[in-house]
Structure formats: C-alpha cells, structure tokens
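Summary of the model geometry
Next come the chains, spelled out residue by residue.
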Amino acid sequence: MDTCFGAFTIDNAELRPVYDPALRTFCVQLWNNGEPAGSYGLVESFPDAEELVETIDGFLAKHDVRPLDLPEMARLYGALLAAKGGPDFQLFLTRPISRIR
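Criteria and cut-off values
- Residues numbered from 1 in each chain as written.
- Predicted model: local features only at pLDDT ≥ 70, side-chain atom pairs only at ≥ 80, totals over all residues.
- Heavy atoms only, no water.
- Helix = DSSP H or I, 4+ residues; strand = E, 2+ residues; numbered from the N terminus.
- Buried < 20%, exposed > 50% of the residue type's maximum accessible area, 1.4 Å probe, protein only.
- Contact = heavy atoms within 4.5 Å.
- Areas by Shrake-Rupley, 256 points an atom, 1.4 Å probe, with all protein chains shown as cover.
- Phe/Tyr/Trp six-rings, centres within 6.5 Å; stacked < 30°, edge-to-face > 60°.
- Lys NZ or Arg CZ within 6 Å of the ring centre and 35° of its normal.
- Polar contact = N/O pair within 3.5 Å; in protein donor to acceptor, adjacent residues only side chain to side chain.

Right, let's talk about the overall build of the chain for a bit. Along its length, the chain carries three helices and four strands. Going from the N terminus to the C terminus, the chain shows its helices and strands as β-β-β-β-α-α-α. A buried classification covers 38% of the 101 residues belonging to the chain. Once local pairs closer than 6 in sequence are excluded, the contacts in the chain between residues at least 24 apart make up 42%. For the chain, the exposed area adds up to about 5800 Å²; of that, 53% sits on carbon and sulfur atoms.

Right, dumping it as structure tokens:
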C-alpha cells in the first residue's frame, strides 16, 4: 500500500495517516500483518500535523517499531497533510524538506 503520500511501511509495521475533519485532528493508525495494532493521536488530539510527527517516536517504541528518520518524518508529515487536503498540502509540496524539523 506504499504511495508517495499515503500509508507506508516501516520495519514490519504500516503507518496509515488519518485526518478527521469533524474533530479537525490528525492521527496515525499502526497496522501489523494486516491487523490494527494501535493509533496515535486519537486521545492526544493533534490539530497540527507537525506536532504529531515530532512526538510519534515514543508511541512507535511501545510497539517495537524503530524511530522515524528524517526522510520518513517528512513523508509522514506530507501524508498527514495529504489526508487533510487543501492549501496546507499544496504549500508542503513547495517547501524544502530540510525546514520540516
């Protein structure tokens, strides 16, 4: 299910970015072997994709998934913005990756 700005695999887990327009928050679903294994952002409530990306490593560690490297962080950030759609994603496409962190 890997796409440029959608779900992607890290180690043996799949990260699925989600935006909830009713709550105006971002979250990430973690899937292992085609089964849901957890979600990050439902309880914490992240209206900002960048904050979610910067704080997800602790959640991943609890599920035995290594921390994201910088390109993966940029990919997750872009995927979250793509899930939301609109002008934020268009701006991301023109923003240098080195400025994301």
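With the rule as written, the count across this model stands at three aromatic pairs. Taken together, a centroid distance of 5.3 Å and an interplanar angle of 25 degrees make the contact between Y40 and F59 stacked. Here F59 lies in helix α1 (residues 49-62) and Y40 lies in strand β4 (residues 35-40), a separation of 19 residues in the sequence. Just as Y40 is buried, F59 falls in that class too. Through a chain of ring-to-ring contacts, the aromatic side chains of Y40, F46 and F59 assemble into a single cluster. Taking NZ or CZ as reference, R16 lies 3.7 Å from the ring centre of W31, over its face.

In this fold, E14 is placed in strand β2 (residues 13-20). By relative accessible area, E14 is classed as buried at 15%. At a separation of 3.2 Å, a polar atom in the side chain of E14 contacts the side chain of R16.

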